[in-house]
Amino acid sequence: MAKGQSDGLHCEASFDVISKCSSKGRENQTVAADLDGTMLISRSSFPYFMLVAMEGGSLLRGMVLLACAPMAWFLYNFVSEAVGIQLLIFISFAGLKIRDIELVSRAVLPKFYADDVHPESWRVFSAFGKRYIVTANPRIMVEPFVKGYLGADKVLGTELQVSKSGRATGFVKKPGVLVGDLKKAAVEAEFGDKMPELGLGDRETDHPFMSLCKEGYMVPKMKVDEVPTNKLLSPIVFHDGRMVQRPNPGTALLTFLWLPIGYFLAVIRVFGNIPIPEKYVKISYKLMGIKLVVKGTPPPAPKKKGERGVLFVCDHRTLLDPVIVAVALGRKVSAVTYSISRFSEIISPIKTVRLTRDREKDAANIKRLLEEGDLVICPEGTTCREPFLLRFSALFAELTDRIVPVAMCNKMSMFHGTTVRGWKGFDPFFFFMNPVPTYEVTFLDQLPTELTCAGGKSPIEVANYIQRVLAATLGYECTNFTRKDKYRMLAGNDGTVSIKHTATPYNHKQN
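Quick caveat, the model's predicted, so the values are computed rather than measured. (Residues numbered from 1 in each chain as written. Predicted model: local features only at pLDDT ≥ 70, side-chain atom pairs only at ≥ 80, totals over all residues. Heavy atoms only, no water.)

S.K.: Outline the sheet that holds strand β4 (residues 154–158), listing residues and values.
M.R.: The 6 strands lie next to each other as β1-β8-β7-β2-β3-β4, forming an open sheet whose pairing is parallel. The sheet is open, and its two borders are formed by β1 (16–17) and β4, each paired with just one other strand. Across 4 bridges, strand β3 (residues 130–138) lies against β4 in parallel orientation. Looking at the pairing, Ile133 lines up with Val155 of β4. The sheet strands contacting helix α10 (residues 181–191) are β2 (30–33), β3 and β4, and the helix crosses β3 at an angle near 145°. (Pairing = 2+ DSSP bridges. Helix = DSSP H or I, 4+ residues; strand = E, 2+ residues; numbered from the N terminus. Contact = heavy atoms within 4.5 Å. Axes fitted to C-alpha atoms, helices over the stretch in contact; angles between N-to-C directions.)

Below, the structure is given as structure tokens:
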């Protein structure tokens, strides 16, 4: 919400602006910083509460939160910051399982937080050896991001009340929402006699805790460019959730108004193209507002029946990748997938075969499909939204030397067409609910024989080479991440069974 006046504020201290703060020689010092408007450019936490409400709760909960936004704004600015924030907490969290809140905080929020980091605050904050965040937001909501990507040692935040059944009640534990003097009390309780060397804030209600520090600096409200995400402690490789844009009140309102229109469009775009032959689908895509850009020269279709087909090896953006390749080629292809819902199989306009993760069975299926014609495979085994390629499974390289790499990229303005925690059967619909869903397909040259297993290369060498070629074409970065890493980080399991431990953002490696 917008900044308000103090809640029980007794401090009259004045502080200099953060641009005058030196970051040199801070390695052995401690910093305590506010979050919204200080470490983040945005002075409003509303979008993050909206994400929790929608991704952890439901669309209806998000609508209720949006309807109550004016009341929350009034309470925040003219009654009490704490009361305004308490209203947002109640609507967003009441009744949600703590487990679901934790998953949203780990899988959805970091992407939006990372796109909003203040450059001056990060310059100073990152120079300190000990880093603390002092925030009115619920600790559970901000902790995964500030610890994993900003390197915070601890979060002093508002604590949620939890019922015996493991659900948030919507209320907070004593002493209440950390605002004004309560932030000061939290800092005093945490540090005792040895206070932080530096305090950072952006509002008058930050002055009490900042006055405890040896130095204090304010982050003024001004237009700045956010810190590039690759400058944070770890890149955002994986994230979940359906929303593409940060749902501030205006964006959230437009999204809700677009939903019925987008759903109607998606149904037409999905089912309307199923009976149309692939060579004509490009025309229908244009008529339906779907943008398809095709680059490169794909190989011709097999000339006679029984001729082995080409294996098109793609990076994996959405479930629609093989369908888009078929449309770009203007002919039927088959596809093998690691994970697809029964509903998606039924509505797919091309033949799809599930891989069993049994090496011998999968190899036999791929060989059989290549004997029938062209085949599309995505060796990453799962999708990745960000400009990174996961490790390629090498099985495909053992089975044919007719390999054509295909670089896939897409653009969505409102909804992501992939999910980890949601129902995957809705993925194509969410992609086509975007006003102008866009796919770009680049067909590269077929691998020469000397770069295949037939030319003496190992399957791993072939897979890694194709990964590097596709990454160079797309401007992406190669990683050693796998499907299991993604699901451990975003869902707390390996994609099939539950596990206790999760991956951390620091596992990023390069091939």
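Text resumes after the structure shown.
S.K.: Would you mind going over the nonpolar core in detail, with residue names and values included?
M.R.: Core analysis: the biggest nonpolar cluster contains 119 residues, and Phe93, Tyr113, Phe125, Met141, Phe145, Leu150 and Val406 have the highest contact counts within it. Looking at which element gives the most residues to this core, the answer is helix α2 (residues 46–57), with 8 residues. Core analysis: the next-biggest nonpolar cluster, separate from the first, contains 31 residues, Phe396, Leu399, Ile403 and Leu447 among them. (Core = buried A, V, L, I, M, F, W, Y, C linked by side-chain atoms within 4.5 Å. Buried < 20%, exposed > 50% of the residue type's maximum accessible area, 1.4 Å probe, protein only.)

S.K.: Quick rundown of the packing of aromatic side chains? Include the residues and the values.
M.R.: This model, assessed by the stated rule, comprises 17 aromatic pairs. Where Phe90 meets Phe171, the ring centres are 5.4 Å apart and the plane angle is 55°; that geometry is what we call tilted. Taken together, the residues Phe90 in helix α5 (residues 81–93) and Phe171 in strand β6 (residues 168–172) connect sequence positions 81 residues apart. Judged by its relative accessible area of 45%, Phe171 falls in the partly exposed class. With a centroid separation of 5.2 Å and 25° between ring planes, the pair formed by Tyr113 and Phe145 is classed as stacked. Pair noted here: Tyr113 is in helix α7 (residues 109–114) and Phe145 is in helix α9 (residues 139–148), with a separation of 32 residues, a long-range link. With relative accessibility at 1%, the residue Tyr113 sits in the buried group. (Phe/Tyr/Trp six-rings, centres within 6.5 Å; stacked < 30°, edge-to-face > 60°.)

S.K.: Before we move on, can you summarise the sheet that holds strand β16 (residues 438–443) with the specific residues and values?
M.R.: In a beta sheet, neighbouring strands pair by backbone hydrogen bonds and run either parallel or antiparallel. One open sheet holds the 7 strands; their spatial order is β9-β16-β15-β10-β13-β11-β12, and the pairing between them is mixed. Edge strands, defined here as strands with exactly one partner in the open sheet, are β9 (291–295) and β12 (351–354). The sheet shows a mean angle of 25° between the axes of neighbouring strands, direction not considered. Strands in contact with helix α14 (residues 321–329) are β9, β10 (311–314), β11 (334–337), β13 (375–377), β15 (403–411) and β16; relative to β16, the strand with the most contacts, it is inclined by about 65°.

S.K.: Tell me about the confidence of the model for the protein chain, residues and numbers included.
M.R.: Per-residue pLDDT for the protein chain has a mean of 92; in total, 94% of the residues score no lower than 70. Throughout residues 1–12 the model reports pLDDT below 50, and contacts reaching past four residues in sequence, or to other chains, amount to 41 contacts. Contacts for the low-pLDDT stretch residues 497–511, under 50 throughout, to residues beyond four places or in other chains number 42 contacts. (pLDDT = per-residue confidence, 0-100.)

S.K.: Any details on the pattern of salt bridges? Residues and values, ideally.
M.R.: It is possible for side chains of opposite charge to pair when their charged atoms get near one another. Throughout the structure, instances matching the rule amount to 31 salt bridges. With its nearest N and O atoms 2.8 Å apart, the salt bridge here joins Glu215 to Arg26. Of the two residues, Glu215 is situated in strand β8 (residues 215–218) and Arg26 in the loop between β1 and β2; the sequence distance between them amounts to 189 residues. What makes Glu215 partly exposed here is its relative accessible area of 28%. Judged by its relative accessible area of 5%, Arg26 falls in the buried class. Between Lys111 and Glu386 there is a salt bridge, with the nearest N and O atoms lying 3.4 Å from each other. Of this pair, Lys111 sits in helix α7 while Glu386 sits in the loop between β13 and β14 (388–389); the two residues are 275 residues apart in sequence, bridging distant segments of the chain. Relative accessible area serves as the criterion here: at 17%, Lys111 is assigned to the buried category. Within the structure, one salt-bridge network assembled from shared partners comprises Asp34, Arg43, Glu81, Lys183, Asp202, Arg203 and Asp206. (Salt bridge = Lys/Arg side-chain N within 4 Å of Asp/Glu carboxyl O.)

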